[in-house]
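What the coordinates show
Below, each chain spelled out in residue letters.
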Protein chains: 2
Amino acid sequence: MDPTGYRVHAANVGIKDETLDFLVVASDRVATVAATFTRSLFAGPSVVVSREVAATGHARAVVVVSKNANVATGEAGLADARELQSRTAALIGVPADEVLVASTGVIGRRYPIDRIRSHLDAVEWPSAAEATFDDAATAIMTTDTRAKVARTTIGDGPAQLVGIAKGVGMIEPDMATLLTFLFTDAEVGTEVLDPAFRRVVDRTFNSLSIDTDTSTSDPAMVMANGAAGPVGPDELEEALERVALELVRMIASDGEGATKRSEVTVTGGRDDAQSKRVAKAVVNSPLVKTAVHGADPNWGRIAMAVGKCREDTDVRADRVAICIGGVEMYPAIADEAALDKAAAHMRQHVVEIDVDLGIGPGRATVYGCDLSDGYIRINADYTT
Amino acid sequence: MDPTGYRVHAANVGIKDETLDFLVVASDRVATVAATFTRSLFAGPSVVVSREVAATGHARAVVVVSKNANVATGEAGLADARELQSRTAALIGVPADEVLVASTGVIGRRYPIDRIRSHLDAVEWPSAAEATFDDAATAIMTTDTRAKVARTTIGDGPAQLVGIAKGVGMIEPDMATLLTFLFTDAEVGTEVLDPAFRRVVDRTFNSLSIDTDTSTSDPAMVMANGAAGPVGPDELEEALERVALELVRMIASDGEGATKRSEVTVTGGRDDAQSKRVAKAVVNSPLVKTAVHGADPNWGRIAMAVGKCREDTDVRADRVAICIGGVEMYPAIADEAALDKAAAHMRQHVVEIDVDLGIGPGRATVYGCDLSDGYIRINADYTT
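Residues numbered from 1 in each chain as written. Chains lettered and ligands numbered in written order. Predicted model: local features only at pLDDT ≥ 70, side-chain atom pairs only at ≥ 80, totals over all residues. Heavy atoms only, no water.

**Describing the overall build of chain A**
For clarity, the threshold we go by: Only DSSP runs of H or I with at least four residues qualify as helices, and only runs of E with at least two residues qualify as strands; both kinds are numbered from the N terminus onward. Exposed residues in this analysis have more than 50% of their type's maximum accessible area, buried residues have under 20%, and partly exposed residues fall in between, with area computed by a 1.4 Å probe over protein chains only. Working rule for contacts: check all heavy atoms of both residues, and any pair within 4.5 Å makes them a contact. In this tally Asp and Glu are treated as negative and Lys and Arg as positive; neither His nor the chain ends contributes. All charge positions are set by atom: Lys at NZ, Arg at CZ, Asp at CG, Glu at CD.
Helix and strand counts for chain A come out as 11 helices and 13 strands. Counting across all 384 residues of chain A, residues that qualify as buried make up 62%. Pairs at least 24 residues apart make up 80% of the contacts formed inside chain A by residues separated by at least 6 positions. In chain A, which carries 38 positive and 55 negative side-chain charges, the distance between the mean positions of the two groups comes to 3 Å.

Structure below.
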């Protein structure tokens, strides 16, 4: 079931081809908003504009253009983003500063702004806003092969939460995230929603890496319009995490060229931050990723990846333990039977790698995927 | 011409297959030594043992085992390394602490130490030491497709310098390097050789990245035995840099699966360190690497890679300039003609990317390669 009080408009305005590329999700009433954004130094105008809106803690709608990121487009690109914001606001009859803006796609090209203008002049509101959240998830795709939607009930209800996300490449969020929008009809204030959402993003989207590259366009946003009444803060955070984690796993499985998902858990770190840093080094290593692809239990590459975390000088090789699929590889050096068990695990869709650092209570799980020929093909050909 | 006063023994001892896998280079007299090593926390016993020798500033020989890195092999592996050192020293009749040790190959397996013992017991010295430096370069190869040797004369001579190197994957040295050995008959003290070599390594091997992974085994060493008499310090450093840079370019061109070399120069940094950090982000980005592979002038990915250097908060998108093959892509946004010129450049073997940050006098050039299907195939299959 979807949250009540939202209208969805999904359309093609001809950004690149004839697929859906334009989305508006509007709330019937003013919603509480929390959002995190990319920390890229080349963050695009959409991020600039949305940061202003998110800072107020409230919004009425979000408009998304896909297949064009509107990044590195200078003053003209910023003007385009503001025009997109104000025209969308006019269409649905709200102030411009209550409309969030997001974009994704190729960098360094201006929008075909005439097509956006023509579309917004012609469309009827609210009769054109009868689309579903599944349509919304489709409208924000670029090289994604599958739409990504996750739903849950907050506590025992009646409040509902739905999340949509896109992104298969240029993904190492790290304090930001890819294009992600969560909508709920729960009633919750900014002072509860904002910190809960940041904690959840840190454990989910910021623990995801497809290819170490950080997008210039990433927002993660949640809107709560209150139509279903109040919810408990713990139930809210649990629901946010369920939906976010489900989206993260969908994104990792749909990583560009991915044939498998990897989940790397590092325990025994000095603190959670150290565990996460080491886990990221493992999940991001091209040699570990290709070993996952080839179902090769070459645990030496995992040791190598731990070893390259050179700032973590308290990590000592003689206290580290490495498991693949629960089978110990090191320090009790894996024999043929253990390697065979690990290889069998690695032929499954989800590959679990566990590292214990033997230092302290720190713990983190990160999500990634293998590196295959498909990644090369997609990215050597995509663009221009 | 090769430096005088060195003997080379290259052999197969059956580490993995029937190719050359065992090398001893010995100097007729005690040589001055300078060396840098990997900073991996999982550095292997070869690194531990060689650090002790290099710390004295002098050595007589280096012994190298290829196809087995002897890493993550615990106390037994350390004992194997010390036995390799002492038996080699006994063979050539020098103290054990004058023999450097290096290894490269699979991680997490002990040497077939019996085979090494049998070989060293059977070999005759110096009659078995008639190999060339080209043989030496071949003996240290693992997945390399080509042996890597570079030679130069120091100043006007007579002192000669030869360098050999191996390494095509698990290469982002960063304060260390891959397996590299330079030999000269110049006469030079440690106080001159050591700082000159460190500066050269920083500008060459530490400016090279194939795949962001840092080996557990890397040394870069230079031996100077003085047989040809004294040389000027500037001439020495120039010669070291010529040979090191030639080896670096060979390594980048022979990167696993590489079809092209990339050279990224970042000017206008706050300092050289910032320029190098940004250049590394560009050369290492999988999206830039696949664009280089596909000869796609998708300069937005270069902007993205600059933007992900989030600690460099003084980098501002409106002061950055990006060129491919000398053709401006940004901020004067590339038109079709400019994109065509850049694409033509990218179809050549060496792809030059230039970024200016517009902040200060900092400058750095780094060396890398494209990312192709070949990298996946080599690394999804290699090992176990």
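And the narrative resumes.
**Here we look at the relation of the copies chain A and chain B**
Inclusion rule: Least squares is the method for superposing the copies, and the C-alpha atoms it fits come from residues with pLDDT of at least 70 in both.
Of the transformation placing chain A onto chain B, the axial shift is 0.0 Å and the rotation is 180 degrees, giving an RMSD of 0.0 Å. Such a combination of turn and shift is consistent with a two-fold rotation axis. Taking C-alpha positions as the reference, the residue of chain A nearest the rotation axis is A:Asp373, at 2.5 Å. Of the residues that chain A buries at the interface, 100% are likewise interface residues in chain B, meaning the two copies contact each other through the same surface.

**Examining the layout of surface pockets**
Residues and elements named next belong to chain B. Cut-off, in case you're wondering: Using protein atoms alone on a 1 Å grid, points that fit a 1.4 Å probe yet trap it form a cavity, whereas open point sets bounded by protein on both sides within 12 Å along at least five of seven lines form a pocket; residues with an atom within 4 Å of a point count as lining. Grid points are joined across faces, edges and corners, and a volume is the space filled by probe spheres set on the points. The residue classification treats Ala, Val, Leu, Ile, Met, Phe, Trp, Tyr, Cys and Pro as nonpolar and Asp, Glu, Lys and Arg as charged. All others, Gly included, are polar.
In this model, the second largest pocket occupies a volume close to 420 Å³. The biggest single contributor to the lining of the second largest pocket is helix H2 (residues 74-92), with 3 residues. Residue composition of the lining of the second largest pocket, by class: 11 nonpolar, 3 polar and 3 charged.

**Examining the interface of chain A and chain B**
This is how it is decided: Note on terms: buried area is the combined drop in 1.4 Å-probe accessible area of two parts once they are placed together, counting the loss on both. Just to be clear on terms, a salt bridge is a Lys or Arg side-chain nitrogen sitting within 4 Å of an Asp or Glu carboxyl oxygen.
Taken together, the contacts link 56 residues of chain A with 56 residues of chain B. For the pair chain A and chain B, the summed buried surface comes to about 4600 Å²; carbon and sulfur atoms form 61% of the total. Looking at the side of chain A facing chain B, the largest losses of area belong to A:Leu41, A:Phe42 and A:Arg310, adding up to 18% of the total buried there. Remark: the boundary between chain A and chain B carries 0 salt bridges.

**Quick look at the pattern of salt bridges**
With the rule as written, the count across this model stands at 42 salt bridges over all chains. B:Asp121 is the partner of B:Arg87 in a salt bridge, and the nearest nitrogen-oxygen pair spans 3.2 Å. One end of the pair, B:Arg87, is in helix H2; the other, B:Asp121, is in helix H3 (residues 113-122), with 34 residues separating them in the sequence. The partly exposed category is assigned to B:Arg87, whose relative accessible area is 28%. Residue B:Asp121 is classed as exposed on the basis of its relative accessible area of 58%. Each of A:Glu83, A:Arg87, A:Asp114, A:Arg117 and A:Asp121 takes part in salt bridges that share partners, so that together they form one network.

**Some thoughts on the sheet that holds strand S11 (residues 327-330) of chain B**
Residues and elements named next belong to chain B. Filter applied, for reference: A pair of strands is treated as paired once DSSP finds two or more bridges between them. Fitted lines through C-alpha atoms serve as axes, helices being fitted only where they are in contact, and the angles separating the N-to-C directions of these axes extend from 0 to 180 degrees.
Judged by pairing direction, the sheet is mixed, and its 5 strands sit side by side in the order S11-S10-S12-S9-S13 without closing on themselves. Every other strand in the sheet has two partners, leaving S11 and strand S13 (362-369) as the edge strands with one partner each. Adjacent strand axes in the sheet meet at a mean angle of 20 degrees, parallel and antiparallel pairs treated alike. Two strands pair when backbone bridges link them, and strand S9 (residues 261-269) and S13 are joined in this way by 8 bridges, in the antiparallel orientation.

**Looking at a negative patch on the surface**
For the record, the criterion: Patches here: salt-bridge-free residues with over 30% relative accessible area, like charges joined within 9 Å, nonpolar side chains (Val, Leu, Ile, Met, Phe, Trp, Tyr) joined within 5 Å. Accessible areas in this description were obtained via Shrake-Rupley with a 1.4 Å probe; residue shielding takes into account the shown protein chains only.
On the surface, A:Asp156, A:Asp234, A:Glu235 and A:Glu238 cluster together into a patch of negative charge. Relative to the assigned elements, A:Asp234 resides in helix H6 (residues 233-253).

**Side note on helix H11 (residues 373-381) of chain A**
Side chains three or four residues apart in an α-helix point the same way, a direct result of the helix having 3.6 residues per turn. What counts here: Counting of polar contacts relies on pairs of N or O atoms within 3.5 Å, with two restrictions inside protein: one atom must be capable of donating a hydrogen and the other of accepting it, and residues adjacent in sequence are counted only when both atoms are side-chain atoms.
Every buried residue of H11(A) is listed here: A:Asp373, A:Gly374, A:Tyr375, A:Ile376, A:Asn379 and A:Ala380. Turning to H11(A), the residues buried within the fold contact helix H8 (286-293), helix H9 (300-307) and helix H11 (373-381) of chain B. Capping the start of H11(A), A:Ser372 holds a side-chain oxygen 3.0 Å from the backbone nitrogen of A:Gly374, two or three residues further along.

**Focus: the packing of helix H8 (residues 286-293) of chain A against helix H9 (residues 300-307) of chain A**
All names here are of chain A. Worth spelling out the cut-off: Should an angle lie under 35 degrees it is considered roughly parallel, over 145 roughly antiparallel, and from 65 to 115 roughly perpendicular; all remaining angles are considered oblique. Should the near helix be turned anticlockwise from the far one by less than a right angle, the crossing is left-handed, and should it be turned clockwise, the crossing is right-handed.
Between H8 and H9, whose axes approach to 9 Å, the crossing angle comes to 155 degrees. With respect to H9, the element H8 is oriented roughly antiparallel. In terms of crossing hand, the pair formed by H8 and H9 is left-handed. Residues Leu287, Val288, Thr290 and Ala291 of H8 lie in contact with H9, whose contacting residues are Arg301, Ile302, Met304 and Ala305. Grouping the amino acids of the contact of H8 with H9 by side-chain chemistry returns 6 nonpolar, 1 polar and 1 charged.

**Concerning the environment of A:Val62**
Residues and elements named next belong to chain A. Positionally, Val62 belongs in strand S3 (residues 58-68). Counting along the chain gives 39 residues from Val62 to Val101, while the straight-line C-alpha distance between them is 5.7 Å. Sequence-distant contacts of Val62, that is, excluding residues within four places in its chain, are made with Leu23, Val24, Val25, Leu100, Phe181, Phe183 and Met221.

**Thoughts on the sheet that holds strand S11 (residues 327-330) of chain A**
All names here are of chain A. With mixed pairing, the 5 strands of this open sheet are ordered in space as S11-S10-S12-S9-S13. Each edge of the open sheet carries a strand with a single partner, namely S11 and strand S13 (362-369). Averaged over all pairs of adjacent strands, the angle between strand axes in this sheet comes to 20 degrees, irrespective of strand direction. Of the strands in this sheet, strand S10 (321-324), S11 and strand S12 (350-356) touch helix H10 (residues 336-346), which is tilted by about 115 degrees from S11.

**Re the pairing of S9(B)**
All names here are of chain B. Burial within S9 is extensive, with 8 of its 9 residues counted as buried. As defined by bridge partners, S9 adjoins strand S12 (residues 350-356) across 7 bridges and the pair is classed as parallel. Its bridge partner being in S12, Ser262 is matched across the sheet by Val351.

**Notes on the side chain of B:Lys148**
Residue placement: B:Lys148 occurs in strand S5 (residues 148-153). At 2.9 Å, the side chain of B:Lys148 forms a polar contact with the backbone oxygen of B:Arg146.

**Quick notes on helix H1 (residues 45-55) of chain A**
Residue and element names in this part refer to chain A. Along H1, the residues classified as buried are Pro45, Ser46, Val47, Val49, Ser50, Val53 and Ala54. On its buried face, H1 is in contact with strand S2 (22-37), S3, helix H2 (74-92), strand S4 (99-106) and strand S8 (219-224). Once H1 finishes, Gly57 follows within two positions and takes phi at roughly 80 degrees, a positive value.

**Some words on the packing of aromatic side chains**
Given two aromatic rings, their pairing is described by the distance between the two centres and the angle made by the two planes. Just so we agree on the cut-off: Working definition: rings of Phe, Tyr and Trp (its six-membered ring) pair if their centres are within 6.5 Å, and the pair is stacked with planes under 30 degrees apart, edge-to-face with planes over 60 apart, and tilted otherwise.
Taken as a whole and assessed by the stated rule, the structure comprises 10 aromatic pairs over all chains. On the basis of an interplanar angle of 35 degrees and a centroid distance of 5.4 Å, the ring pair of B:Phe133 and B:Phe183 is categorised as tilted. Taken as a pair, B:Phe133 in helix H4 (residues 133-139) and B:Phe183 in strand S7 (residues 180-184) lie far apart in primary sequence, 50 residues in all. Looking at B:Phe133, the relative accessible area reads 4%, which means it is buried. Judged by relative accessible area, B:Phe183 falls into the buried class, the value being 1%. An aromatic cluster is built from A:Tyr6, A:Phe133 and A:Phe183, whose rings are joined through pairwise contacts.

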